[in-house]
Amino acid sequence: MKKLSLLIGTLGGAMAGYLFSNQKLRKDLAGAKDAETAARLLGKHLQQDGKKLAAQAQEFVESEEVQKNLKKAKTYAQDTFEVARKELTNLVNRAEKAASDAAGEAGSSARKVARKAVRKARSTARRMKTKVRKLL
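Residues numbered from 1 in each chain as written. Predicted model: local features only at pLDDT ≥ 70, side-chain atom pairs only at ≥ 80, totals over all residues. Heavy atoms only, no water.

Quick notes on the overall build of the protein
Each helix and strand counted, the protein has four helices and zero strands in total. The N-to-C order of helical and strand elements in the protein reads α-α-α-α. What you see for the protein is a C-alpha radius of gyration of 40 Å, clearly larger than the 14 Å of a compact globule of 136 residues, by over 25%. Its C-alpha atoms give the protein principal-axis dimensions of roughly 125 × 40 × 20 Å. (Helix = DSSP H or I, 4+ residues; strand = E, 2+ residues; numbered from the N terminus. Rg over C-alpha atoms; globule rule 2.2 N^0.38 Å.)

Looking at a positive patch on the surface
On the surface, a cluster of positive charge is made up of R111, K112, R115, K116, R119, K120, R122, R126, K129 and R133. Residue position: R126 is located in helix α4 (residues 64-135). (Patch = residues over 30% accessible without salt bridge, like charges linked within 9 Å, V, L, I, M, F, W, Y side chains within 5 Å. Areas by Shrake-Rupley, 256 points an atom, 1.4 Å probe, with all protein chains shown as cover. Salt bridge = Lys/Arg side-chain N within 4 Å of Asp/Glu carboxyl O. Lys, Arg positive; Asp, Glu negative; His and termini not counted. Charge placed at Lys NZ, Arg CZ, Asp CG, Glu CD.)

What about the pattern of salt bridges?
In this structure the tally under the stated criterion is two salt bridges. The salt bridge partner of R40 is E36, with a shortest N-O separation of 2.5 Å. Within this pair, R40 and its partner E36 are both found in helix α3 (residues 35-61), separated by four residues, close to a single helical turn. Note on R40: relative accessible area 56%, which makes it exposed. (Buried < 20%, exposed > 50% of the residue type's maximum accessible area, 1.4 Å probe, protein only.)

Quick look at a nonpolar patch on the surface
On the surface, L88, L91 and V92 cluster together into a nonpolar patch covering about 270 Å² of accessible area. Take L91: it is sitting in helix α4. A relative accessible area of 47% means that L91 is categorised as partly exposed.

So, the confidence of the model for the protein
For the protein, per-residue confidence averages 80 on the pLDDT scale, and residues scoring 70 or more make up 96% of the total. Within the protein, α4 carries the highest mean pLDDT (83), whereas helix α1 (residues 2-21) carries the lowest (73). (pLDDT = per-residue confidence, 0-100.)

What about the packing of helix α2 (residues 23-30) against α3?
Contact geometry of α2 with α3 gives a least axis separation of 9 Å together with a crossing angle of 165 degrees. On the basis of the axis angle, α2 is roughly antiparallel to α3. Between α2 and α3 lies a crossing whose hand is right-handed. On the side of α2, the interface is formed by K24, L25, D28 and L29, while α3 contributes A38, L41, L42 and H45. Residues that form the contact of α2 with α3 fall into these classes: five nonpolar, one polar and two charged. (Axes fitted to C-alpha atoms, helices over the stretch in contact; angles between N-to-C directions. Parallel < 35°, antiparallel > 145°, perpendicular 65-115°, else oblique. Left-handed = near helix turned anticlockwise from the far one by under 90°. Contact = heavy atoms within 4.5 Å. Nonpolar A, V, L, I, M, F, W, Y, C, P; charged D, E, K, R; others polar.)

Quick word on the environment of A102
If you trace the backbone, A102 turns up in helix α4. Sequence-wise, A102 and T75 are 27 residues apart; in three dimensions their C-alpha atoms are separated by 41 Å.

Points about the environment of K112
Structurally, K112 is set in helix α4. Between the C-alpha atoms of K112 and R127, which are 15 residues apart in sequence, the distance is 23 Å.

And the structure:
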């Protein structure tokens, strides 16, 4: 909601500035009979001045100073992207190393468990052989 109130305040200020700077619009609005006529007059003036404003805005954007600042902004964005990419690569590499270490430890643990199971199976097999011999 903070942004909405800021936007409305900005538009109100812009409209007030427009009214103060346009003498013909003030005269026309003073002679308007009702709100609908005033709205039509305002729309007509905004349409005419909007074309001028668009041409000026286009000229401003194409100006040398804006283009130079745009190049600076583009360079900054690329540099920032490169830094972020390097940091992300380092993070991924650390994660891969941690996963690899965990897998190695898991393999080591699995080997230990397997060896233990083999020993237990051998001892059980020996006991069974001994019991079978005694029975025969």
